[in-house]
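Coordinate analysis (summary)
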Amino acid sequence: DGLEKVASGFAYGINGVEDVLDPSVTFSYQGSDETIYALSSSAPVAAGTYLSTALFAGNDNYNAIENTAAIVISKKEASVTPIASTKTYGEFDPSFTGLVDGFLEADGVSAVYSRTSGETVIGSPYSISAALSPVEILSNYNITYNTADFTITTKEASVTPTASGKTYGDAD
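Residues numbered from 1 in each chain as written. Predicted model: local features only at pLDDT ≥ 70, side-chain atom pairs only at ≥ 80, totals over all residues. Heavy atoms only, no water.

This part takes up the overall build of the protein. Scanning the protein from terminus to terminus reveals one helix and twelve strands. Its helices and strands taken in sequence order, the protein reads β-β-β-β-β-β-β-β-β-β-α-β-β from the N to the C terminus. In the protein, which comprises 172 residues, the share counted as buried stands at 22%. With an accessible surface of roughly 12,300 Å², the protein has 53% of that area assigned to carbon and sulfur atoms. (Helix = DSSP H or I, 4+ residues; strand = E, 2+ residues; numbered from the N terminus. Buried < 20%, exposed > 50% of the residue type's maximum accessible area, 1.4 Å probe, protein only. Areas by Shrake-Rupley, 256 points an atom, 1.4 Å probe, with all protein chains shown as cover.)

The structure is reproduced here in structure tokens:
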């Protein structure tokens, strides 16, 4: 859910008696594999692979110990789907819209829709696609980019002849 979680450490001694560790367990995190995340005491929230190290300095009752485990924050599935649209030849393009799905509201992901260029009926349909932002958030998602058709339809034409006359042999 993208929110930080509080971790606590308890030791279980003789007969299962719970004992709060003092000093407390400290945690550190660092990026692993291709994940870039400098050594920090702040838990990561972005998708990636991390090493988490728990350290207990020890006290009169417990020996010092350190242990490391891998943490994987998986990418969230998401998609963007433009809505198909049409216009009549010679008109201005309508505003394009679509649907974004699967993104966390807190990430503020938005889409700008556009289409491939062209203004002829015969070249129609054209493709409507989307560009998403903010870019720095998108790496947390496996995004399916869908497209839709933009169709230009024929325009009604009219022809009105003007009545006139001439005498045979006169110039037009």
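Now for the pattern of salt bridges. A full pass over the atoms with the stated rule returns four salt bridges. Where Lys-87 meets Glu-119, a salt bridge forms, and the shortest distance between an N and an O atom there is 2.7 Å. Of the two residues, Lys-87 is situated in strand 7 (residues 85-88) and Glu-119 in the loop between strand 9 (110-115) and strand 10 (126-133); the sequence distance between them amounts to 32 residues. The exposure class assigned to Glu-119 is partly exposed, which follows from its relative accessible area of 42%. For the salt bridge of Arg-115 with Glu-119, the shortest nitrogen-to-oxygen distance reads 2.6 Å. A relative accessible area of 15% means that Arg-115 is categorised as buried. Taken together, the shared-partner salt bridges in this structure form one network comprising Lys-87, Asp-93, Arg-115 and Glu-119. (Salt bridge = Lys/Arg side-chain N within 4 Å of Asp/Glu carboxyl O.)

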